[in-house]
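Commentary on secondary and tertiary structure
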Amino acid sequence: MSEMKEMILDVAERMLEDRVTKDVVDVLEKGDWSKDTWTLFVENGMVSVALSEEHGGAGGDLEDLLNLVRLTGKYAAPIPFAETAFANFILETSNLAVVDKIATYSLQDGFISQNNQINGVLHNVPWARHAKYLVALVQSNQGVHVALIDLANATIQPSTNLASEPRDTVILNNAQAHSSAVLSDEQIFYFKTIETAFKIALMTGAIEKINELSVQYSKEREQFGRPIHRFQLVQYQIAQLAGETAIAIAAFNNVCAAIQSQKLLHEVAFARIRFEDAISTVASVSHQLHAAIGTTHEHALHQYTRRLWAWRDEGTNADFWSEHIADYLLNRDAELWAYLTKTAQTVVKK
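Summary of the structure given here.

Rules used throughout
- Residues numbered from 1 in each chain as written.
- Predicted model: local features only at pLDDT ≥ 70, side-chain atom pairs only at ≥ 80, totals over all residues.
- Heavy atoms only, no water.
- Axes fitted to C-alpha atoms, helices over the stretch in contact; angles between N-to-C directions.
- Helix = DSSP H or I, 4+ residues; strand = E, 2+ residues; numbered from the N terminus.
- Parallel < 35°, antiparallel > 145°, perpendicular 65-115°, else oblique.
- Left-handed = near helix turned anticlockwise from the far one by under 90°.
- Contact = heavy atoms within 4.5 Å.
- Buried < 20%, exposed > 50% of the residue type's maximum accessible area, 1.4 Å probe, protein only.
- Pairing = 2+ DSSP bridges.
- Core = buried A, V, L, I, M, F, W, Y, C linked by side-chain atoms within 4.5 Å.
- Phe/Tyr/Trp six-rings, centres within 6.5 Å; stacked < 30°, edge-to-face > 60°.

To continue, consider the packing of helix α6 (residues 185-220) against helix α7 (residues 232-261). Between α6 and α7, whose axes approach to 9 Å, the crossing angle comes to 155°. One element, α6, and the other, α7, form an angle in the roughly antiparallel class. The element α6 and its partner α7 pack so that their crossing is left-handed. Packed against α6, whose contacting residues are Ile194, Ala197, Ile200, Ala201, Thr204, Ile207, Glu208, Asn211, Ser214, Val215 and Ser218, the element α7 presents Val234, Ile238, Leu241, Ala242, Thr245, Ala248, Ile249, Phe252, Val255 and Ile259 at the interface.

Here it is as structure tokens:
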């Protein structure tokens, strides 16, 4: 990252640290969200960091954007930042006009286009009730397209995930939309790859925060006249958390580097699969360390562990990537050791 990019991340973290308190995160459980934080992000150009200058953005890259997403995960920011940014990424990559309002996306199957009218149902669409636009994949007789859909024409049934984040059902009945040209299988796969990178960024931020909360608690909580971090068992737990946090950050940085170099083989897939172990270890160990207080509403820990469990199952998850790697190896009759130690990489075309 350049010095200017580091300054952008520093500004974003300061905004989140100052604005997003535990009480602000809790507004999601009341069906609300942090409009003030969103306005601050928009006014400071964070939402358009990775858009090209041609489309009114700052001309940044995906590494910048992914690091901003990581920060929103670190502070559990109750704003549709990742969703709007990824929706605009899909639009720009598909040669469609980007939007300057709140947007969301879905890469699920469920919408069908006939005679330029879209019908169908999509479940678990993030932030749909608060979004102006939905960017989705639509099946037509010609193939799969990206469609920009005005949600004023949709029926939305509110629901939430485990972390109380909006995950709604969107129903379309003869809706109109702006659509892209037919997508190739490689383009659809690329969108799923970048979507997974966004989830990895969010989970990395949450893991970082859980580690910080756990270390802080171990220093503040006393038992038998001394802080609990002095006890050997607690030190072992802190070491486990530190190890998983280091692995998560390293995996995230490797994903960013692979995306920036456009040399993607299975970096995103392996990172996403490895996060399964990280989530299990981080969530269980941090709650063991905090004991009962970590599950109470008054403590912030559950805000992050619930997000890890929710994000784990959303989007293009580890099951998809495990199957993809298995198919890759079986179809190519690859030698496993040569595959695992190979340094040459294959470019995935956009």
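Let's shift gears to the pairing of strand β3 (residues 133-139). A large share of β3 lies buried, amounting to 5 of its 7 residues. Pairing of strand β1 (residues 103-114) with β3, which is carried by 6 bridges, proceeds in the parallel orientation. Residue pairing for β3: Phe111 is matched across the bridge by Val138. Sheet topology places β3 next to strand β4 (residues 144-150); 7 bridges connect them, and they run antiparallel. Residue pairing in the sheet places Val138 in a bridge with His145 of β4. Between the end of β3 and the start of β4, which pair antiparallel, lie 4 residues, with Gly143 showing a positive phi angle near 145°.

One finds Phe81, Ile90, Phe111, Leu134, Val170 and Phe198 to be the most contacted residues of the largest nonpolar core, which totals 104 residues. Apart from residues no more than four positions distant in its own chain, Leu134 is found in contact with Thr104, Tyr105, Ser106, Phe111, Leu122, Val125, Ala147, Leu148, Ile149, Leu151 and Val170. Counting 5 residues, the second-largest nonpolar core is a separate cluster that includes Tyr217, Ile228, Ile238 and Leu289.

Per the stated rule, a full pass over the model turns up 9 aromatic pairs. Ring centres 5.4 Å apart and planes at 75° place the aromatic pair Phe189 and Trp321 in the edge-to-face group. Of this pair, Phe189 sits in helix α6 while Trp321 is found in helix α10 (residues 318-332), placing the two residues 132 residues apart along the sequence. An identical accessibility class is assigned to Phe189 and Trp321; each is buried. Taken together, a centroid distance of 5.0 Å and an interplanar angle of 90° make the contact between Phe320 and Trp321 edge-to-face.

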